[in-house]
Every structure is written in C-alpha cells, then in structure tokens.
Amino acid sequence: MAEVFFSRSDYQRIADFLKERLGWIPAVGIILGSGLNPVAEELEKEASVPYREIPGFPVPSVAGHEGLLSVGRISGSPVLVLQGRPHYYEGYSIQEVTLPVKVLQIAGVKVLIVTNAAGALNPSFKVGDLMLITDHINLPGMAGLNPLRGPNDESLGPRFVNMVNAYDPRLRSLAQKAAKKAGIELHEGIYILVAGPSYETPAEVRFLRLIGGDAVGMSTVPEVIAARHGGLKVLGISGISNVIPLQPGEKGPDHQEVLEAGKKIVPKLRALLRHLIPMIYEMGV
C-alpha cells in the first residue's frame, strides 16, 4: 500500500471545520491518555465534537480513549481537550497518529500538554504517581518510524527539527510550582516509546532501564515531534499505571490494570491542571 502524506490544505480543512463547529480555539491544548478521560470533568465545557464527526480525523478504538474534542475553561482559563488519541499499533500510519497535533497547530494552539499512562521502569515509582517528562527515547523513530518522514512543507515547520529541550523547561518549572501548590509529588524522568501493542518482556525491561528510561509507553513521542516541528511549546506528563516486572514468572501488566490505575492518577492530574493552566497564561502563551 502506498504511504499517504498530508498537506497543509488537509490540516487546514479540518481546522476550519473545528473553528466553525466549536466557535473558537484556545491557545492551550491537552491530550488525555489511557484511562485519563475523567480529567476532562475539570473542564467547564462550552462546546464539544466527537472525533467520528470530524472529517478525516483518526478515531481511537482502544478502551479508555473516548474520542471527544472539547473546548472550555479550567480555573477560568481557556483550554482545548482531546479525550483519547490514535495509536500506531491500531493500524494507523504515523502521519495519521500525529494529524490531530498538526490540525491544532493550524487552528492556533500554542502550548500542548501531552499525557499518557506509562509503565514504571524506575524502581522508586509506584502506581498512581505522576512523572514530568524531561526527555524521551524514541526507539521506533531511531529505526525510521518518524512522523516527519516524507515531503516537508516549510510553512508547517523546518525539515530538520531540533529536539533539545523538546519538553519546555519553563513549562516544566511551572508544573513543579503547580504541583507544590496542589500538594502533589511530581517525579521527573525519561519516557521511552515502544510501538506495542505487546507489553515488554523482562529482558526488554532490563534493556530499557539500562539505556536510562524511567517510564515506558506506546504513545506521546510522535505527537511531541510533530508539535515541536510546528513550534508549539510542549509539556509531557506520565501517569504511572503499572510497575513492570523484571523476572519471568512475575505477573505482567494488562490493559484493565492500566485503566484501573487511572482512578489514582486522575485526581492528581486534575488538581495539577487546576493550578497549572492559569499559570501558563500568566507566563504568556
């Protein structure tokens, strides 16, 4: 099958649809990961549209990803929230996975907060913890699976993207201040992307720890690359959904466990965003 690449006009058509359907697009956007849909309850919604009604928009098929795009306010500050994301392992191309981010770029979003449910590689992490992503290791990308592969439109971003400080230092500092206000411990660490959908073997876990990973998951990194390509400022937060076993014979993770962990993660993430979103606007978007 021929690989499909999207043009600026493809993104523009979807962005125009969203502006017409929603009425407005805030400068701050949030993508919610597996089991984190209830975070959207923090949003005072003003308008919503299901992904399936957005022309050309990828619709996630995985439990825990509602597929709803909403605009509203958190603590009085404007926010756009995507409840769920498509994944490469669902059969979407890497360009389709990142299409929502490029649409948000065209629509006018300036700051993107990406969240996910991740497995703990760092032995000091426990289920329900939050980890501020300081950097990532893109294993599929190192093998060529990069969302920027193909023709490049300079009006959307440069051919070669600098990924130093991909996770904005000022936003990370604000997040730590917000966490302190909320009384939440916010770990920091490196997120490793694997393609999935199979979970990691004990041998793979030992390798991921060896190369410096603190958490591992199957999303987020392609979105961050696409966002940085478009000049968006990015903040990444992982909710620790399971602690990954190191030895054969130990109980491994399952998706239901990931969704259940969301019940511990969601209250912390809601409290964090309650303080963080106004601080982002005070900083200047």
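Preceding this paragraph is the structure being described.
Note that this is a predicted model, so its numbers are computed, not measured. (Residues numbered from 1 in each chain as written. Predicted model: local features only at pLDDT ≥ 70, side-chain atom pairs only at ≥ 80, totals over all residues. Heavy atoms only, no water.)

A. How the structure looks around the packing of aromatic side chains. For the coordinates displayed, the defined rule picks out 2 aromatic pairs. Here the aromatic rings of F6 and Y11 are separated by 6.1 Å at their centres, their planes lie at 50°, and the arrangement is tilted. The exposure class of F6 is partly exposed, given its relative accessible area of 25%. (Phe/Tyr/Trp six-rings, centres within 6.5 Å; stacked < 30°, edge-to-face > 60°. Buried < 20%, exposed > 50% of the residue type's maximum accessible area, 1.4 Å probe, protein only.)

B. A look at the pattern of salt bridges. The tally for this structure, following the rule as stated, stands at 8 salt bridges. Close ionic contact of R270 with E41 constitutes a salt bridge, the shortest N to O distance being 3.5 Å. In this pair, R270 is assigned in helix α7 (residues 255–283) and E41 in the loop between β1 (28–32) and β2 (44–50), connecting sequence segments 229 residues apart. What emerges from the salt-bridge pattern is a single network uniting E41, E42, R270 and R274. (Salt bridge = Lys/Arg side-chain N within 4 Å of Asp/Glu carboxyl O. Helix = DSSP H or I, 4+ residues; strand = E, 2+ residues; numbered from the N terminus.)

C. Region of the structure containing the nonpolar core. Counting residues in each nonpolar core, the largest one holds 45 residues, and the members touching the most others are L18, L22, I54, F57, L69, L82 and L112. At 6 residues, the largest contribution of residues to this core is made by helix α2 (residues 94–107). In this structure, I54 is in contact with I14, F17, L18, V49 and L69, ignoring residues within four places of it in sequence. Within the second largest apolar cluster, 35 residues are counted, among which are V111, L130, V266 and L276. (Core = buried A, V, L, I, M, F, W, Y, C linked by side-chain atoms within 4.5 Å. Contact = heavy atoms within 4.5 Å.)

D. Structural detail: helix α1 (residues 8–22). Counted at 1.5 Å a residue, the expected span for α1 with its 15 residues is 21 Å, and the 21 Å between its end C-alpha atoms agrees. Buried within α1 are the following residues: Y11, I14, A15, L18 and L22. Projected onto a plane normal to the axis of α1, the buried residues spread over an arc of 100° and lie on a single side. Seen from the open side of α1, the exposed residues pointing more than 90 degrees away from its buried face are R13 and E20. Buried residues belonging to α1 abut β2, β3 (68–74) and α2. After α1 finishes, the residue G23 shows a positive phi value of roughly 95°. (Expected span 1.5 Å × (residues − 1). Arc of directions from axis to C-beta.)

E. Quick look at the packing of α1 against α2. Contact pair α1 / α2: the axes reach a minimum separation of 8 Å and the direction vectors enclose 70°. One finds that α1 runs roughly perpendicular with respect to α2. As α1 packs across α2, the resulting crossing turns out to be right-handed. Counting all contacts with α1, which are made through R8, Y11, Q12, I14, A15, L18 and K19, the residues of α2 involved are L99, K102, V103, I106 and A107. Across the contact of α1 with α2, the residue classes break down as 8 nonpolar, 1 polar and 3 charged. (Axes fitted to C-alpha atoms, helices over the stretch in contact; angles between N-to-C directions. Parallel < 35°, antiparallel > 145°, perpendicular 65-115°, else oblique. Left-handed = near helix turned anticlockwise from the far one by under 90°. Nonpolar A, V, L, I, M, F, W, Y, C, P; charged D, E, K, R; others polar.)

F. Structural detail: the packing of α2 against helix α6 (residues 221–229). Closest axis-to-axis distance for the α2/α6 pair is 9 Å, and the angle between their directions is 40°. Considering their axes alone, α2 and α6 lie oblique with respect to each other. Crossing handedness for the pair α2 and α6: right-handed. Where α2 abuts α6, its residues I94, V97, T98, V101, K102 and Q105 lie against P222, E223, A226, A227 and H229. Residue composition of the contact of α2 with α6, by class: 6 nonpolar, 3 polar and 2 charged.

G. Quick peek at helix α4 (residues 169–182). The terminal C-alpha atoms of α4 lie 20 Å apart, and with 14 residues this matches the ideal 20 Å at 1.5 Å per residue to within 8%. Taken together, the buried positions of α4 are occupied by L171, R172, L174, A175, A178 and A179. Buried positions in α4, seen along its axis, are confined to an arc of 160° and lie on one side of it. Exposed and oriented more than 90 degrees from the buried face of α4 are R170, K180 and K181. One side-chain oxygen of the residue at the start of α4 lies 3.1 Å from the amide nitrogen of R170, identifying that residue as D168. G183 sits one or two residues past α4 and shows a positive phi near 70°. (Polar contact = N/O pair within 3.5 Å; in protein donor to acceptor, adjacent residues only side chain to side chain.)

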